[in-house]
Amino acid sequence: MIHETIKLKRVNKKIKSEAFLKTYVPENSKEFCENRKRKAILVFPGGGYEFVSDRENEPIALKLVSEDIAVFTLTYSIINFSYPYPFIEAFAALAYIKENAEKYNIDKEHVAVMGFSAGGHLASFVSLNSESEKWAKLIGKDKELIKVDGCLLGYPVTILSYLPKFNSNLKAIKRNIPDRAEELDILSNVTDQFPKTFIWTTQNDGLVPAENSILLAEKLTELRVFCEFHMFPNGNHGLSLANEIVSEKEIDSIDPKIKTWIDYAIHFVKKYL
């Protein structure tokens, strides 16, 4: 496996932050996959733009890489949220992956994003602005390098009026850059150019209401954008894989059906991406 840590500012001069990628990429073997080109996923863990969640980081990557998917996780800017960060970092990460498709044995026409909670907001925003001239210019790249081929979301924030109930830097979007709040709201900006999408949530999520997922799925359906949607009736926020690996102390209280979401997501990637 190619496992590296890539500081974005070292591969893109437009980035001034300490954001970094970690790579989890299967290596080809002359024995059985000498010339294989894999699908890839860029993962944005959640954390309310206050921290970058560990449980939605490496455990997700290892599960996906075990299914022969190339995975990259982004640790993005969180403290002192300031536009255009962390969004510019997400686009720079996407461009880096596509630029280095040969190194990582990736099919650059099949690169998706995956995000959880606030990371779901970030993944949705990148998908919303796929091939944007504006964002490509901000990172000094061609717009083809920030094309998103699929979007996978776990209990995402998509509506700024439904902000998490803790003291999240998501609130800084409205407080510090009110002129950008409309631009950063996902639901009100979705078009029929949004990529194929997979969404899952729980009905009684007490932190990011399920409406964030339900209304996005409804909007995508209205626009005839390919969308797979799963809502489980019971489950807290931030479940990640919803298994004993990431929920050791709470596992007895978690509905075991929830952990099936990752199998559906992997099928989505392999079948439809």
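Our subject is the structure listed above.
Report on the accompanying structure. (Residues numbered from 1 in each chain as written. Predicted model: local features only at pLDDT ≥ 70, side-chain atom pairs only at ≥ 80, totals over all residues. Heavy atoms only, no water.)

Side note on the nonpolar core
Phase 1 of the analysis: With 59 residues, the main nonpolar core has Leu21, Leu42, Phe44, Phe72, Leu74 and Ile106 as its most contacted residues.
Phase 2 of the analysis: At ten residues, helix α3 (residues 87-99) tops the list of elements feeding residues into this core.
Phase 3 of the analysis: If near-sequence neighbours (up to four positions away) are discounted, leucine 42 is found in contact with Leu21, Phe72, Leu74, Ala90, Ala93, Leu94, Ile97, Ala112, Val113 and Met114. (Core = buried A, V, L, I, M, F, W, Y, C linked by side-chain atoms within 4.5 Å. Buried < 20%, exposed > 50% of the residue type's maximum accessible area, 1.4 Å probe, protein only. Helix = DSSP H or I, 4+ residues; strand = E, 2+ residues; numbered from the N terminus. Contact = heavy atoms within 4.5 Å.)

Re unusual backbone geometry
Phase 1 of the analysis: The step from tyrosine 85 to proline 86 runs through a cis peptide bond, and the omega angle for that step is 0°.
Phase 2 of the analysis: Among the secondary structure elements, proline 86 is positioned in the loop between β4 (70-75) and α3.
Phase 3 of the analysis: Positive phi, close to 60°, is recorded for tyrosine 49, a residue that is not glycine.
Phase 4 of the analysis: With respect to the helices and strands, the residue tyrosine 49 is situated in the loop between β3 (38-44) and α2 (58-65).
Phase 5 of the analysis: For tyrosine 49, a relative accessible area of 0% puts it in the buried group.
Phase 6 of the analysis: The backbone of asparagine 105 sits at a positive phi, close to 55°, despite the residue not being glycine.
Phase 7 of the analysis: Along the chain, asparagine 105 falls in the loop between α3 and β5 (106-116).
Phase 8 of the analysis: Since its relative accessible area comes to 16%, asparagine 105 is described here as buried.

Examining the pairing of strand β7 (residues 197-202)
Phase 1 of the analysis: Counting buried positions along β7 yields six of six residues, so the element is predominantly enclosed.
Phase 2 of the analysis: Burial along β7 is two-sided: Thr197, Ile199 and Thr201 and Phe198, Trp200 and Thr202, pointing in opposite directions, are all buried.
Phase 3 of the analysis: Sheet analysis places strand β6 (residues 150-154) next to β7, joined by four bridges and oriented parallel. Of the residues in β7, the one forming a bridge with glycine 154 is tryptophan 200.
Phase 4 of the analysis: By the bridge criterion, six bridges tie β7 to strand β8 (residues 227-232) in an arrangement that is parallel. Paired with threonine 201 across the bridge in β8 is methionine 231.
Phase 5 of the analysis: Remark: the β7/helix α8 (residues 211-222)/β8 crossover connection has right-handed handedness. (Pairing = 2+ DSSP bridges. Right-handed = clockwise from strand over helix to strand, strands pointing away.)

Notes on the packing of α2 against helix α9 (residues 261-272)
Phase 1 of the analysis: At a minimum axis separation of 11 Å, α2 and α9 run at an interaxial angle of 55°. Considering the angle they form, α2 stands oblique to α9. Crossing of α2 against α9: the hand is right-handed. From α2, Ile60, Lys63 and Leu64 reach across to α9, where they touch Trp261, Ile262, Asp263 and Ile266.
Phase 2 of the analysis: Considering only residue class, the contact of α2 with α9 consists of five nonpolar, no polar and two charged. (Axes fitted to C-alpha atoms, helices over the stretch in contact; angles between N-to-C directions. Parallel < 35°, antiparallel > 145°, perpendicular 65-115°, else oblique. Left-handed = near helix turned anticlockwise from the far one by under 90°. Nonpolar A, V, L, I, M, F, W, Y, C, P; charged D, E, K, R; others polar.)

Details of α3
Phase 1 of the analysis: For α3, built from 13 residues, the straight-helix expectation of 18 Å at 1.5 Å per residue is met to within 8% by its first-to-last C-alpha distance of 19 Å.
Phase 2 of the analysis: The element α3 is extensively covered by neighbouring structure, given that twelve of its 13 residues are classed as buried. (Expected span 1.5 Å × (residues − 1).)

Overview of the sheet that holds β6
Phase 1 of the analysis: Within the open sheet, the eight strands sit side by side as β1-β2-β4-β3-β5-β6-β7-β8. Their pairing is mixed. At either end of the open sheet lies a strand with only one pairing partner, and these are β1 (5-7) and β8. Neighbour-to-neighbour, the strand axes of the sheet open up by a mean angle of 20°, direction not taken into account.
Phase 2 of the analysis: Both β3 and β4 contribute to a ladder of four bridges, which runs parallel. Directly across from valine 43, in β4, lies its bridge partner threonine 73.
Phase 3 of the analysis: The strands touched by helix α4 (residues 118-128) within the sheet are β3, β5 and β6, with β5 carrying the most contacts at an inclination of about 140°.

Section: the pairing of β3
Phase 1 of the analysis: Of all seven residues in β3, six are buried; the element is thus mostly enclosed.
Phase 2 of the analysis: Where β3 meets β5, six bridges bridge the pair, whose relative direction is parallel. Looking across to β5, one finds that alanine 40 is bridged to valine 111.
Phase 3 of the analysis: Taking the sense of rotation as the criterion, the β-α-β connection linking β3, α2 and β4 turns out right-handed.

So far we have only geometry, and geometry alone does not tell us how the molecule works.
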